[in-house]
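If you want the building blocks of each chain, they are given just below.
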Amino acid sequence: MRQFTAVVNPTAGGSTGAATLLHLARLLREAGAELETEYSHSLAHAQDIARRAGERGRIVLAVGGDGIAGGIGGALSGTGTVLGLVPAGRGNDFARALKLPADPADPAALADLLLHAEPRPVDTIEVESAVHPRTVVLGSVYAGVDAVANRHANHARLLRGAASYYAGGLRAVTTWRAADYRVTVDGTEHTHRGYTVVAANSPYYGSGRLIAPDARVDDGLLDVVMIREAPRRLFFALMNELRTGAHIHRPEVRVLRGRELRIEANRPVPYGADGEVDATLPVTLRVRPGDLPVLY
């Protein structure tokens, strides 16, 4: 029977990670699986726990949101360790891309998947910058106003989920100045003046926003979404269209695809990855095809 190590972010989703795991753990153990639980006090600590568990041949469960999923997934990329996700955070966008059962009140479907699904390889993103010589993440890297919006969302106390990201977006747009970007995709340089550049392995970011509708987690490519300078009222309309992916049909939006990407800007522009924001451009990104086995 399967052996799991659950790594819990105690603060994810308003401290719902532990509660979500409690119901799931009972079902896994009743089915005969072995489950041990570890609580992390930082992302680096969670990654260390995950690596050690993987070295013992255990399946690692990342319990929380996109931050811990991306951090643990990145740490396990290339090791052969199998990852399972227990969505219990603010956004859960990578879990959404994998179409995982995500109702914490009814964990039976997720338990069944974790017990019986065969691991399938997904791509990861290698991130290289002056601050991060080598980091690996799962879902997306975004440089511009959305990184600012995500910072606001992470500090929101009264709002959760999509509402916190929408409010953070409104706050970020009101103070954003368009940046001049130089975006190099597989050796071809593109100039861009605008709001953001998003390198997407997953279709979703920002708690269900369909930023890159055609992105796939297993195609060996990144979808590069660039939103150029436009009146703020148009950008607010575009934000609403992110719910369905209709924004990609606007002339202000350009989508490229590639395996390696370099993003630079004419001023310090923040970038984030999988819900975590702590760096500024420039950054180089490379897709790592099929580098992580995941239960989905």
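Placed above this text is the structure.
Residues numbered from 1 in each chain as written. Predicted model: local features only at pLDDT ≥ 70, side-chain atom pairs only at ≥ 80, totals over all residues. Heavy atoms only, no water.

Chemist: So what's going on with the packing of aromatic side chains? Which residues, and what values?
Modeler: Scanning all chains against the criterion turns up one aromatic pair. Relative to Tyr 205, the ring of Tyr 142 has its centre 5.7 Å away and its plane inclined at 70 degrees; by these criteria the two rings are edge-to-face. Residue Tyr 142 is found in strand β7 (residues 140–144), and its partner Tyr 205 is found in the loop between β9 (188–200) and β10 (222–228); the two are separated by 63 residues along the sequence. You can call Tyr 205 buried: its relative accessible area is 11%. Over the ring of Tyr 204 we find Arg 96, and its NZ or CZ is 5.9 Å from the ring centre. Taking the ring centre of Trp 176 as reference, the NZ or CZ of Arg 267 above it sits at 4.8 Å. (Phe/Tyr/Trp six-rings, centres within 6.5 Å; stacked < 30°, edge-to-face > 60°. Helix = DSSP H or I, 4+ residues; strand = E, 2+ residues; numbered from the N terminus. Buried < 20%, exposed > 50% of the residue type's maximum accessible area, 1.4 Å probe, protein only. Lys NZ or Arg CZ within 6 Å of the ring centre and 35° of its normal.)

Chemist: Could you give me a rundown of the pairing of strand β1 (residues 3–8), with the residues and numbers involved?
Modeler: Of all six residues making up β1, five are buried, and the element is well covered by its neighbours. By the bridge criterion, six bridges tie β1 to strand β2 (residues 34–39) in an arrangement that is parallel. Looking at β2, one finds that Gln 3 is bridged to Glu 34. Taken together, the five bridges between β1 and strand β3 (residues 59–64) define a ladder with parallel strand orientation. Directly across from Phe 4, in β3, lies its bridge partner Ile 59. (Pairing = 2+ DSSP bridges.)

Chemist: Can you lay out the pattern of salt bridges for me, pointing to particular residues and giving the numbers?
Modeler: Summed over all chains, the structure comprises 20 salt bridges. The closest approach of N and O atoms between Glu 264 and Arg 182, which form a salt bridge, is 3.1 Å. Here Arg 182 lies in strand β8 (residues 179–185) and Glu 264 lies in strand β12 (residues 260–265), a separation of 82 residues in the sequence. Put simply, Glu 126, Glu 128, Glu 260, Arg 286, Arg 288 and Asp 291 are held in one network by salt bridges that share partners. (Salt bridge = Lys/Arg side-chain N within 4 Å of Asp/Glu carboxyl O.)

Chemist: Which residues make up the environment of Pro 213, and what values go with them?
Modeler: Along the chain, Pro 213 turns up in the loop between β9 and β10. Spatially, the C-alpha atoms of Pro 213 and His 247 are 9.8 Å apart, while their sequence positions differ by 34 residues. Each residue touching Pro 213, except ones within four places of it in the same chain, is listed here: Pro 203, Gly 245 and Ile 248. (Contact = heavy atoms within 4.5 Å.)

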